[in-house]
Structure formats: structure tokens, C-alpha cells
Amino acid sequence: MNEASTMGDARTLAAIRAQSVQPASTDEASIAEAARRRVRRRKVLVQSTRLAVLVVVVGGWQLFTDRKIVDPFFFGQPSGIVLKLVDWVEHGTAYGSLWLQIGVTMKEALLGFAYGTGAGIVLGVLLGQIPFLADVIGPFIKVLNAIPRIVLGSIFVVWLGFGTTSKVLLAAVLVFFVVFFNAFQGVREVDRNLVANVRVLGASRAQTVRHVVLPSAVVWIIASLHVAFGFAIIGAIVGEFLGAQQGLGLVISTAQNNFDPNGIFAAMLLIAVVALSAEGLISQLEKRLLSWRPGTQTEVAGL
Amino acid sequence: MSFRQPLPRTADESAAPRSAAAGGAAPASAPQDRSRIELVGVTKRFVSPTGAAMTALRDVDFVVEPGQFCAVVGPTGCGKSTTLTMVAGLDRPTAGVVRVGGAVVDGIPDSTSFMFQHDALLPWKSVLQNVALGPRFRGESKASALGRAREWLHVVGLSGFEDHHPHQLSGGMRKRATLAASLISEPSILLMDEPFGALDVQTKAIMSNELLTLWERTRPSVIFITHDLEEAVALADRVVVMTAGPGTVKAVYDIDLPRPRGAVQEIRFDSRFLELHQRIWESLREEVERAYARTGRTAGTATTGTEGGRP
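Asks: If you had to explain the domain arrangement of chain B to someone new, which residues and values would you point to?
Replies: Residues and elements named next belong to chain B. Each domain of chain B was delimited in the assignment, giving domain 1 (30–111 + 189–298) and domain 2 (121–185). Relative placement of domain 1 and domain 2: their C-alpha centres are 26 Å apart. On the domain 2 side, the residues contacting the 11 residues of domain 1 number seven residues. Counting residues per element, the side of domain 1 that touches domain 2 draws most heavily on helix α7 (residues 201–218), which supplies six residues.

Here's what the structure looks like:
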């Protein structure tokens, strides 16, 4: 390598460096500022595209039904849905105030969710801890799981009547299986090392369950709760469908009988809002309970 | 990185080199005998789910005198860890007996601590709560357990990290926390299964020094499993060499290097150290090569050393 070419190399290098420096200064503050700006721009873009999608879908629906290209009698109309909601809020439904309907359905779903989750965790942990019990009861649970459980709703209405109890039970049964299988799996996936360690430290069986088995199964159980709450609402609504005196399910089935698609869509919208807020609460709970986990926050944010 | 508390026991013991065969210079008293570990004809067979029996250990005999630091070395898969789980009472021998303090082990003995290869800190508890677990399980009040845990964290140099969760600590810090958790109940027996195996060389050296310093404070009997012979010789009073599986005791060497040993990095250059290392390595090498040849054959190459197969 001769002197001239080394000089040439150095010069080109300097030129390249100067070029890359020129457009933006490279000090840390401005790099951070640029990165922040990029993130902000992306956020705005995502939000505005979402809004555009919503406008196109709802607006298109409104437009097509307005122009009678699509029959509003069968397909409803966004404006009709809004009017229906306003009507329910102002004058109540056929079965009492709107809030009462929402309250009844929520009560059924929440009670069912609580019982189902409780039973699922208790039985899941028991069976996970006692292999003999798991071997004996396992096949029965599999058979029960294979039954389309929605059908049980009919039996529960026959047994327990049109009151809320039959809906709570249906919701609880639906929730139970989801939580049970996760709790069971979670208990069996417990790190053997951790169990051996606390045993050597002097933990009793109960202490092992409390300090090791349950906290490690919580990861699995919490994951199942998202799905389980959806099932609780399905249980409550279907139960009301099958026969009830109050509740959003009854409101929907009445709207169906009256050929009132706006009513069905309005009730659907209400249920979606309820389910989403419950989902938010469960995510909060998840964040709280799993705060010890590295990277939990990003996982939740990613969803 | 050193301990911030005065270490009371080291000064008077530094004068006399300890004869390991005699069971250490620690004053023999009644509670000391509780920490004698004895393995007599211990055999362990496992039956695989397909019904095939596998012998992991065959007729293992060795003794760890009270207050002695005993290292067990051997090739991978020779049943070192199995030996340890039986001393801990987590598993039972198929034949033979394990005695701790003269009594046959048939459950988890009191006053035994176990340090596992992988850190067994509960990830959902803070470092402080983790260290306080042992005392809590043994019925100590919460306030007192947490107070002592705080002191022990200070001893291992983790003050200020009490409320961190294990995943927020480095590997070495997690080992310190585990060490504190193992020592807080002042065990008379400390079982360690390659505790520093996953650490980098420098952290490992630091942790070895700290372990020795802490061990000198209360002098529990230690069984320390490793496949690092240098580590074994630098730390232990007695080195047990095991054969390639099924494992049995091939030879026992007493290490007469004086205590306290000081930095393990420096003792490696001591001529006595090198001599002992050389002798034990002669014995261990055969086993390592046998074990390696076995895995080599299954992988299709029947070489023994790194380049031993080449003419």
C-alpha cells in the first residue's frame, strides 16, 4: 500500500463522514429527539388509519342502507342503532330500564366467572398436586369437556327456572373448564428445582403450594381468564336466550322475534363495551400479579 | 467485592494447617457430630418409563467429617448430583444407607441447606423475601426473619437490592442471594451442586473466595459437587473422585493446603497445589476419557482426547 492511496482512503473516509453528519447533528439529544418524533408520527398514522377504516365501514353501511342498495329492514342501520340506544336509555326496554338489563347480565356473568374460576383453580391445583386423583378423575373431566356445554343451559333452565341462578351456573360451567385445564397444566409445569429448594428449606406441603405452586400456576391461570370472561358473558347471554325474565340476552331474543336488527346490533354493542371493560380490568390484574416477570409489560402492550 | 462484616473465627485457626484426614481442626463437640456425613454402600437404580433399569450409583462409600469441606469430582453423568439428593433426603438409595450425624436419612434432615446448579430463587418474591424463606418455613416470625435476611444480604454485599426481583440481578448477584438464603438458617450441612457452574470465570473466582470466607464463619460440613478440578482442590479439604457411570468412588484425596487459603486465584500457583492437582488429575483423566469416549461413540467418533484419535 503506497502513501498516496492511504491518503486517498483517508480523504474519502472523511468525505463520507462529513456527508453522514451533515443532514442531522449526531449528538445524543437530537438522535433521541428524532427517534421520539418517528415514534409519534407512527402513532398518529396508525390512529388515523384506524379512524379511516371505521368511517369507511360504518359510513358505507349507512350509505348503502340509505340508498336502499342494502335493505335496512334486514341489515339495520347505524343511525337506527343509535336511535334505538337513545330510546332504550330514555324510555327503557320492554323489561324495565336499560341499566337493569345490563346489571342483570353483568351480575350473572360475574358470579358465574367467580364460581367457575374458583372451582377451576381449586380442582386444577388438587389434581395437579395429587397424581392419583388426576388419574381417577381425568377421564370423567374429558368426557364432560367433550359435551357441547351450551346444551347444559336447557337442563339448568328446567332445573332452576327462569331466574338468574340457571344463567350463573351455565356461565360457571363454561368458565370452569377453561380455568381448570390451565390451572392443572400450570401446576404440573412448576419448576422441580424450585419445589426441591423450598422443601430443603423446610417448607411443608401447604407452604410449597402457597409459595411455589400457586404463584407459578398464576401465569397460566391469568392467561386463561381473558378467554374465561368471554365464556362467562356467552353463558349469561345464552342462558337468557333459553328463557329469562330480564337481561340483555332476553332483549336480543325479543328483538329477533320482532325482526328488529337495530335492536340486536344495539345490544351487541353494549355487550362489546361491557366485555372490553372487563378485559381491561383483567389486564390490570395481570399487570399487578405478574409484575415480577421480566418483560410482562411489553407483552401486554403488544397485544 | 468483599464482606463488610468482621469475620470472627478466622484469626485463631490460621496458625495450624488442618489435617483433613483428622476431620478438621474445628473443636470437636457434641453438636459438631451432627454434621458427620457417611455414605455406606449406596446404590441407586432408576427404572425408566419403558421398564429398563439404569444404575446411576454403585456401592458409593465415603465420609465427610464434621466441619470438613469435601469436593466430589467426576465426569458428566456419573451420579454426583444423585448422591447429593440422597444426602439431602430428597431421594432414597436403592441399597445402602446415608447417615447424617449417625442417624439414617429418611426425610429432609434439619439444618441442611442445598444450593442447586440453577438458582432456585423464587422469581415472584423479592430478594429479601427469598432470603427470609427458610426461617419463615421453620416458623420464625416475619419481622425477625426479614431482619435477619437483611443482615445476611449485607454480609454477602447485596445491601440496597432487598426489593429487587431475582431477574433484575446479575448471575453473580443471584448466587450471592442464594448463598445468603442457604446460610441464613446456619446449617450444619451445606450441599452444593455445581453452584458456580453457570458463572463466568472471574465471577466464579470471586464467589469461591466469598464462599470460603463465609464457610469459615460457621464451618458447616460441605459436599461440593463440581467438574472443575482446580475449583475442587482450591476449596476443599478432601476430594472424592468418582468413576464414569455407574458412579462409584474411585479415590479419595486429602488436601493439606493450609487454611485460610486466601484468594483461590493465587493458590493455583502454589507448588503443593500443583502437585495435588497433578495427582488427582491423573486419576480423574481416565474417567473423563472413558465418559467422553462413550458419548463420542454414540456420536460416531471414537476419539478420546480433543485430538487423541489422530495418529
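Asks: Before we move on, can you summarise the packing of helix α8 (residues 164–188) of chain A against helix α10 (residues 205–242) of chain A with the specific residues and values?
Replies: Residue and element names in this part refer to chain A. Close contact between α8 and α10 brings their axes to 7 Å; oriented N to C, the two are set at 160°. With respect to their mutual orientation, α8 and α10 come out roughly antiparallel. As α8 packs across α10, the resulting crossing turns out to be right-handed. When its residues are assigned to classes, the contact of α8 with α10 shows 21 nonpolar, eight polar and two charged.

Asks: How would you sum up the nonpolar core? Please name residues and give values.
Replies: One finds A:Val175, A:Ala232, B:Val131, B:Ala180, B:Ile223 and B:Val239 to be the most contacted residues of the largest nonpolar core, which totals 137 residues. Ignoring sequence-local partners within four residues, the contact set of B:Ala180 consists of B:Val131, B:Trp152, B:Leu153, B:Val155 and B:Val156.

Asks: Outline the confidence of the model for chain B, listing residues and values.
Replies: Residues and elements named next belong to chain B. In this model, chain B carries a mean pLDDT of 80, and residues with pLDDT of at least 70 account for 85%. Below pLDDT 50 for its whole length, residues 1–31 participates in 45 contacts with residues either more than four positions away or in separate chains. Across residues 300–311 the pLDDT falls below 50, and counting only partners more than four positions away or on other chains, this stretch makes 13 contacts in the model. Per the prediction output, this complex has pTM 0.73; the corresponding ipTM is 0.74.

About the criteria used
- Residues numbered from 1 in each chain as written.
- Chains lettered and ligands numbered in written order.
- Predicted model: local features only at pLDDT ≥ 70, side-chain atom pairs only at ≥ 80, totals over all residues.
- Domains from an automatic or database assignment.
- Contact = placed C-beta atoms within 7 Å.
- Helix = DSSP H or I, 4+ residues; strand = E, 2+ residues; numbered from the N terminus.
- Axes fitted to C-alpha atoms, helices over the stretch in contact; angles between N-to-C directions.
- Parallel < 35°, antiparallel > 145°, perpendicular 65-115°, else oblique.
- Left-handed = near helix turned anticlockwise from the far one by under 90°.
- Nonpolar A, V, L, I, M, F, W, Y, C, P; charged D, E, K, R; others polar.
- Core = buried A, V, L, I, M, F, W, Y, C linked by C-beta atoms within 7 Å.
- Buried ≥ 20, exposed ≤ 12 C-beta atoms within 10 Å, placed from the backbone.
- pLDDT = per-residue confidence, 0-100.

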